[in-house]
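Overview (structure and organization)
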Amino acid sequence: MRVLFLVQGEGRGHLTQALSLAQILNTAGHEVIGALVGVTEDRPVPTFFSEQFKAPVTPIFSPGLVYNAGTNELEPFKTTVQAIRYARPFWKSIRQVYNFIETHRPDVVVNFYEMLGGLTYALLRPSIPMVCIAHQYLSFHPNFPFPRRRWFDRLVFKVNSRLTALGAAELLALSFDKQADVPAQRLRVVPPLLRQEVTQRKPVADSFLLAYVTQAGLKVELEKAHQKHPDIRIEGFHGWVKRPDEPVDATLTYHAIDGKRFLDFMARCTAIVTTAGFESVCEALYLGKPALMIPQPNHYEQACNALDGQRAGVGIASDRFELDQLLSYLPTHDPAVSERFRAWHAQGYYMFLGALHRVVMRNTTSTGGFFWPRVTRLLRS
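One structure accompanies this document, and this report is about it. Since this is a predicted model, take the numbers as computed values, not measurements.

So, the overall build of the chain
In terms of regular secondary structure, the chain is built from 15 helices and 14 strands. Burial statistics for the chain: of 381 residues in total, 54% are counted as buried. For the chain, the proportion of contacts with a sequence separation of at least 24, taken over those separated by at least 6, is 66%. When the accessible surface of the chain is totalled, it reaches about 17400 Å², and 55% of it is carbon and sulfur.

A short note on the sheet that holds strand β13 (residues 291-293)
Read from one edge to the other, the open sheet built from 7 strands follows the order β10-β11-β9-β8-β12-β13-β14, with strand pairing classed as mixed. Sheet topology places β10 (245-247) and β14 (315-317) at the edges, where each strand pairs with a single neighbour. Ignoring strand direction, the axes of neighbouring strands in this sheet form an average angle of 20 degrees. Alignment of strand β8 (residues 209-213) against strand β12 (residues 271-274), held across 3 bridges, turns out to be parallel.

A few points about the nonpolar core
With 100 residues, the main nonpolar core has Phe5, Leu21, Phe49, Ile133 and Tyr137 as its most contacted residues. No fewer than three residues from each of domain 1 (2-191 + 348-367) and domain 2 (197-333) sit in this core.

A closer look at the packing of aromatic side chains
Inspection of the entire model under this criterion finds 15 aromatic pairs. With 4.9 Å between their ring centres and 20 degrees between their planes, phenylalanine 49 and phenylalanine 53 make a pair best called stacked. Each member of the pair, phenylalanine 49 as well as phenylalanine 53, carries the same accessibility label: buried. Their ring planes at 25 degrees and their centres at 6.3 Å tell us that tyrosine 137 and phenylalanine 140 sit as a pair that is stacked. Note on accessibility: tyrosine 137 and phenylalanine 140 belong to one class, buried. Ring pairs connect the aromatic residues Phe208, Tyr212, Phe237, Phe262 and Phe265, which therefore count as one cluster. One cation-aromatic arrangement involves arginine 268 over phenylalanine 265; the distance from NZ or CZ to the ring centre is 4.9 Å. The residue whose ring lies beneath arginine 342 is tyrosine 286, and the NZ or CZ to ring-centre distance is 6.0 Å.

Some points on the environment of alanine 18
Inspection of the secondary structure assignment puts alanine 18 in helix α1 (residues 13-27). Taking the C-alpha atoms as reference points, alanine 18 and isoleucine 133, separated by 115 residues in sequence, lie 9.3 Å from one another. Contact partners of alanine 18, with chain neighbours within four places excluded, come to Phe5, Val7, Phe49 and Phe112.

Concerning the side chain of threonine 253
Mapped onto the secondary structure, threonine 253 falls in strand β11 (residues 252-255). The class of threonine 253 is buried, set by a relative accessible area of 13%. Those residues in contact with threonine 253 that sit more than four places away from it in its chain are Ile234, Glu235, Gly236, Asp245, Glu246, Pro247 and Val248.

Quick look at the environment of glycine 259
Inspection of the secondary structure assignment puts glycine 259 in helix α9 (residues 259-268). Placed 211 residues apart in sequence, glycine 259 and phenylalanine 48 show a C-alpha to C-alpha distance of 9.4 Å.

Thoughts on the sheet that holds strand β2 (residues 31-39)
Pairing in this open sheet of 7 strands is parallel, and the strands run β3-β2-β1-β4-β5-β6-β7 from one edge to the other. Here the strands that pair on one side only, and so sit at the sheet edges, are β3 (57-61) and β7 (187-190). The mean inter-strand angle of the sheet, taken between neighbouring strand axes irrespective of direction, is 25 degrees. In the sheet, strand β4 (residues 108-112) pairs with strand β5 (residues 130-134) via 3 bridges, with the strands oriented parallel. Counted as the bridge partner of asparagine 111 is cysteine 132 from β5. Docked against the sheet, helix α4 (residues 87-104) engages β1 (2-8), β2, β3 and β4, running at close to 150 degrees with respect to β3.

Examining the pairing of β12
Side chains Ala271 and Val273 project from β12 onto one buried face, and the interleaved Ile272 and Thr274 project onto a second face that is buried too. Two elements, β12 and β13, share 3 bridges in a ladder whose sense is parallel. Each residue of the ladder has a partner; that of isoleucine 272, found in β13, is alanine 291. Once the chain exits β12 it traverses helix α10 (residues 278-286) before rejoining the sheet at β13, and the crossover so formed is right-handed.

A closer look at helix α14 (residues 348-362)
Taking 1.5 Å of rise per residue, the 15 residues of α14 would be expected to cover 21 Å, and the 21 Å separating its terminal C-alpha atoms lies within 8% of that figure. Within α14 the residues assigned to the buried category are Gly348, Phe352, Leu353, Ala355, Leu356 and Val359. Projection of α14 onto a plane perpendicular to its axis shows the buried side chains occupying an angular sector of 155 degrees, all on one side. Turned more than 90 degrees from where α14 packs its buried face, Tyr350 and Met361 sit exposed. Looking at the buried residues of α14, the elements they touch are α1, β4, β5, β6 (170-174), β7 and α13 (336-346).

Quick notes on the packing of helix α5 (residues 115-123) against helix α6 (residues 151-164)
The contact between α5 and α6 brings their axes to 6 Å, and the two run at 60 degrees. Here α5 is positioned oblique relative to α6, judged by the angle of their axes. Where α5 approaches α6, its residues Met115, Gly117, Gly118 and Leu119 are matched on the opposing element by Asn160, Leu163 and Thr164. Tallied by class, residues from the contact of α5 with α6 come to 3 nonpolar, 4 polar and no charged.

Analysis parameters
Residues numbered from 1 in each chain as written. Predicted model: local features only at pLDDT ≥ 70, side-chain atom pairs only at ≥ 80, totals over all residues. Heavy atoms only, no water. Helix = DSSP H or I, 4+ residues; strand = E, 2+ residues; numbered from the N terminus. Buried < 20%, exposed > 50% of the residue type's maximum accessible area, 1.4 Å probe, protein only. Contact = heavy atoms within 4.5 Å. Areas by Shrake-Rupley, 256 points an atom, 1.4 Å probe, with all protein chains shown as cover. Pairing = 2+ DSSP bridges. Axes fitted to C-alpha atoms, helices over the stretch in contact; angles between N-to-C directions. Core = buried A, V, L, I, M, F, W, Y, C linked by side-chain atoms within 4.5 Å. Domains from an automatic or database assignment. Phe/Tyr/Trp six-rings, centres within 6.5 Å; stacked < 30°, edge-to-face > 60°. Lys NZ or Arg CZ within 6 Å of the ring centre and 35° of its normal. Right-handed = clockwise from strand over helix to strand, strands pointing away. Expected span 1.5 Å × (residues − 1). Arc of directions from axis to C-beta. Parallel < 35°, antiparallel > 145°, perpendicular 65-115°, else oblique. Nonpolar A, V, L, I, M, F, W, Y, C, P; charged D, E, K, R; others polar.

Pasting the structure below:
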């Protein structure tokens, strides 16, 4: 089986999922022929991905999310304006994706939440079936928890997810735990895709908290919590650190962002304070580390992740660094949640291979185009 990846290049989550699936496919003797990665002018393909991915990587322009430079808040309006502004190069990218698929003719295209994939299949209808993989597709499940009173954010989130999956033969929704499939939505619930660097680590118990700081405001909250509990050791990672280690005092040390070191600390910590990115929460769950999940400001998707993680027993969702809340939660945390998660994750190898084989054997072609064939032919010309 020859497989082509289409990957959203925003952040690390979808890229690490692609690396994990590539490892599964290569182990099973299949060929990943390449990856088309959505990038922007100021966000190239991350080095960690291009160095670890064994097949050719092709960057393709795709409008990204816009964050406030000062607060790190997601700005939906500016994101929308930017997408409209780049409509012409975006259309060029759609044509590029279509031509790549039809030229290289893989057996199946796997789309990791890149909108270029959905729009390409909706407008130009490639002849190769597409499977979409993301935790975001769990929002189509009737049991998925949404933040209250944010109906517009919920609508935008679900519409965006639909746009990434137009024309897909199947949607594989990554989930913290096993749930029923939803055939009417073409939705199958599958385990998360975790890197081997995570699954090969053996967790141990040490007496410190690990904190991942992505914004200046969270750093201020962390230091306030530290002043209130100076006896609790905190190891913090954030992007403003210039040296590998910068001790503040005897129980607070900041570290420069380093993926390998961060996993080393995660395997040893008592608990973790992190944003509600799906991958980081899954890694904490696999290693048996309770999590205080703090979504980035105005980031609706992470707010959903935090609630879903809380539902699954990963830890607690919060909008700020509430150390007292985390300390009160720790004695009540159920270690069996991680044991069940690891058993659920172990089923992924066969579930992902089975899903791709099923689509290829059906020889499924896209049914997601919403223009009649004459208009479609015009668009291709």
